[in-house]
Amino acid sequence: MDKKIYLSESEMPAHWYNIIADMPNKPLPPLHPGTKQPVGPEDLAPLFPMELIKQEVSTERYHEIPDQVREIYKLWRPTPLVRATALEKALDTPAKIYFKYEGTSPSGSHKPNTAVAQAYYNKQEGVRKITTETGAGQWGTALSFACQQFGIECDVYMVRISYDQKPYRKMIMKTFGANIFASPSRNTNAGRAILEADPHSNGSLGIAISEAIEMAAQHDDTKYSLGSVLNHVLMHQTIIGQECIKQLEMTGDFPDVIVAPLGGGSNFAGISFPFLRYNFAEGKKIRCVAVEPASCPKLTRGVFKYDFGDTAGYTPLLPMYTLGHNFMPDAIHAGGLRYHGASVLCSQLLKDGLIEAVAAQQLECFEAGLLFSKTEGILPAPEATHAIYQVIEEARRCKREGKSETILFNLCGHGFFDLQAYEDYFAGKLMNHHMSDAQLHTNLAELEALQPA
Ligand SMILES: *Cc1c(COP(=O)(O)O)cnc(C)c1O
């Protein structure tokens, strides 16, 4: 039996999969916050190229991956599928565990899968510059790389506190040619207003989003780009799951359970949506489990309501599981999972009982990540440890029940830029965080005014 299952470059899937074509209940439309009417393409045109707006609302099942995008994907794709034999042995489980390793990409995570596609469509439509926000730096790095490939300028608004605390992420973005601004910055009205009130503001993702959107809206040759949540982003990530389907075919195994961490939902969607098609089309019963941090539990404790995608309230209202756009999660190390809402597609699927969600505590996740590192030799990103935690739970259940199920999970990134998190863990500085009901209710009460009549 092979440890690693590789596809050749010519076997790379030629299409992305659009789950909207197969969903029993289609997602509700995004609404304009002023009129509470569905937003049209013209509302989004200042920010996104038309092809991405079309993809956002498309009901076509498959979208062809452009040749130029496939060529760039070849720098790191197809990514390996690995049988976690050493982890299986350590757990003494009858389950088979496979992981898809997305850490081989230029930024060390799954995010370039959509960054390259987005940069391509912007280039096609003559866009000269793309603006975006980044928190810890994963998305900024991915987009910087993608823009560099197409000769597009890239302005990254990086949350001030990360800008100061994560110098190495900043440095990678620089090597890819991006301009990086600490947010709040003096470039925008939004940034200047914040600095006026508080010259030493740490910034937030919400402020950085506002700055990036403002710059794109004000310049004809500039657009904005988002690294998760939106339908087209999730669709671009389905290359992950489609590769897994081909790779698992080569082993003769088929997943009973698929596990991935969920921040906005893109890597979870990427690995699980192509398999959900087997549930929809062939009546298979694959369980797809999204794992969120207990400190930011929108799926397990949030509500399904219309809410803004950002803190400042610049985006359309999206129907999603949310903790409220003013929710401030604790400073856990899995920065990519600290988002108040879940993508519309994942939210609708959860509401309809077609996927599952669990919440995991930070310390248990780091323990799981260390066991994985000791057995399989890859230090996982703090986000990815959430999936590993749940995989271990499932493998132990299989042992108790005497079942040899096949478990597949997304190792969505490596942790080589998150070593501070591991240092804090070893120093005993990490805590578990719990969100109180009071905290939850305050933020959710603010949502009532946003709901359509
Ligand atoms: C950004 C990120 C996430 C969370 O985003 P999703 O859209 O939910 O995938 C998870 N893991 C890593 C490594 C990330 O960089």
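A few points on the structure.

## A look at unusual backbone geometry
Look at the link from Arg77 to Pro78: it is a cis peptide, with omega at -10 degrees. Here Pro78 lies in the loop between helix 3 (67-73) and strand 4 (81-83). Residue Pro184 is bonded to the preceding Ser183 through a cis peptide linkage, with omega at 10 degrees. When you line up the elements, Pro184 lands in the loop between strand 8 (179-183) and helix 9 (189-197). Unusually for a residue other than glycine, Lys36 sits at a positive phi of about 60 degrees. Looking at where Lys36 falls in the secondary structure, it is placed in the loop between strand 2 (15-17) and helix 1 (41-44).

## Quick notes on the packing of aromatic side chains
Counted under the stated rule, the structure contains 18 aromatic pairs. Seen from their ring centres, Tyr425 and Phe426 are 5.7 Å apart, and the 65 degrees between their planes marks the pair as edge-to-face. Accessibility expressed as a relative area gives 60% for Phe426, which makes it exposed. Put simply, the rings of Tyr73, Trp76, Phe145 and Phe176 pair up and form one aromatic cluster. Here the basic side chain of Lys170 rests over the ring of Tyr163, its NZ or CZ set 3.9 Å away from the ring centre. Directly above the aromatic system of Phe254 lies the positively charged group of Lys284, at a separation of 5.4 Å from the ring centroid.

## Digging into the packing of helix 9 against helix 10 (residues 205-218)
Across the interface, helix 9 lies against helix 10 with an axial gap of 8 Å and an inter-helix angle of 140 degrees. From helix 9, Asn189, Ala190, Gly191 and Ile194 reach across to helix 10, where they touch Ile207, Ser210, Glu211, Glu214 and Gln218. Its residues placed into classes, the contact of helix 9 with helix 10 shows three nonpolar, four polar and two charged.

## Some points on the pattern of salt bridges
Oppositely charged side chains can pair when the atoms bearing their charge come close. Taken as a whole, this structure holds 24 salt bridges when the rule is applied. When the shortest N-O distance is used, the salt bridge between Glu401 and Arg397 registers 3.1 Å. Of this pair, Glu401 and Arg397 both sit in helix 17 (residues 382-401), four residues apart, which is roughly one turn of the helix. The class for Arg397 is buried, based on a relative accessible area of 16%. The structure contains a network of salt bridges with shared partners spanning Arg287, Glu356, Glu394, Arg397, Glu401, Lys403 and Glu405.

## With respect to the site of the ligand
Taken together, 14 residues lie around the ligand, and Lys111, Ser228, Gly263, Ser266 and Asn267 are the ones closest in. At 2.7 Å from an oxygen atom of the ligand is found a main-chain nitrogen or oxygen belonging to Gly263. Within the complex, the protein chains bury 97% of what would otherwise be the 380 Å² of accessible surface of the ligand. Taken together, the residues of the shell around the ligand break down into two nonpolar, 10 polar and two charged.

## So, the sheet that holds strand 7 (residues 153-159)
Spatially, the four strands line up as an open sheet ordered 8-7-6-9, and their pairing is parallel. Taken across any chain shown, the strands that pair with only one partner, and hence form the sheet edges, are strand 8 and strand 9 (222-224). Taking the axes of each pair of neighbouring strands and ignoring which way they run, one obtains an average angle of 25 degrees across the sheet. As judged from the six bridges shared by strand 6 (residues 129-134) and strand 7, these two strands associate in the parallel manner. Bridging from a neighbouring strand, Thr132 pairs with Val156 of strand 7. Sheet contacts for helix 10: strand 6, strand 7, strand 8 and strand 9; angle to strand 6, the most-contacted strand, approximately 170 degrees.

## Digging into a nonpolar patch on the surface
Where nonpolar side chains cluster on the molecular surface, the patch consists of Tyr168, Phe416 and Phe417 and spans about 360 Å² of accessible area. Along the chain, Phe417 turns up in the loop between strand 15 (406-411) and helix 18 (419-426).

## Here we look at the side chain of Ser107
In this structure, Ser107 sits in the loop between strand 5 (96-101) and helix 5 (112-124). In this structure Ser107 comes out as buried when scored by relative accessible area, which is 2%. Each residue touching Ser107, except ones within four places of it in the same chain, is listed here: Pro112, Gln138, Thr141, Ala142 and Arg169.

## Re the environment of Gly353
Along the chain, Gly353 turns up in the loop between helix 15 (344-351) and strand 14 (356-360). When the C-alpha positions of Gly353 and Lys285 are compared, they lie 12 Å apart, and in sequence the two are 68 residues distant.

Conventions adopted
- Counting of residues starts from 1 at the beginning of each chain's written sequence and follows it residue by residue.
- This being a predicted model, a pLDDT of at least 70 is required before a residue's local features are given, and a value of 80 or more before pairs of side-chain atoms are given or counted; all residues contribute to the totals for chains, interfaces and linings.
- Derived side-chain values reflect all non-hydrogen atoms in the structure, with water molecules and hydrogen atoms excluded from consideration.
- In DSSP terms, a helix is any run of H or I states spanning at least four residues, a strand is any run of E spanning at least two, and both are numbered starting from the N terminus.
- Only the six-membered ring of Trp is used, alongside the rings of Phe and Tyr, when aromatic pairs are assigned; centres must lie within 6.5 Å, and planes under 30 degrees apart are stacked while those over 60 apart are edge-to-face, with the rest tilted.
- Exposure classes here rest on a 1.4 Å probe applied to the protein chains alone. A residue is buried below 20% of its type maximum, exposed above 50%, and partly exposed in between.
- The rule is short: NZ of Lys or CZ of Arg within 6 Å of the ring centre and within 35 degrees of the ring normal puts a charge over the ring.
- To obtain an axis, a line is fitted to C-alpha atoms, over the contacting stretch when the element is a helix, and the angle between two such axes runs from 0 to 180 degrees between their N-to-C directions.
- The contact criterion used throughout is that any non-hydrogen atoms of two residues lie within 4.5 Å.
- Nonpolar residues are Ala, Val, Leu, Ile, Met, Phe, Trp, Tyr, Cys and Pro. Charged residues are Asp, Glu, Lys and Arg, and all others, Gly as well, are polar.
- Salt bridge, as used here: a side-chain nitrogen of Lys or Arg that lies within 4 Å of a carboxyl oxygen of Asp or Glu.
- Here a residue is near a molecule or strand as soon as one of its heavy atoms is found within 4 Å of it.
- What qualifies as a polar contact is a pair of N or O atoms within 3.5 Å, subject to a donor-acceptor requirement within protein and to the restriction that residues adjacent in sequence count only when both atoms come from side chains.
- For the area figures, the Shrake-Rupley method with a 1.4 Å probe applies, and any residue is considered shielded solely by the protein chains shown.
- Following DSSP output, two strands are said to pair if at least two bridges run between them.
- For patch detection, residues must exceed 30% relative accessible area and be free of salt bridges, and they are connected within 9 Å for like charges or within 5 Å for nonpolar side chains (Val, Leu, Ile, Met, Phe, Trp, Tyr).

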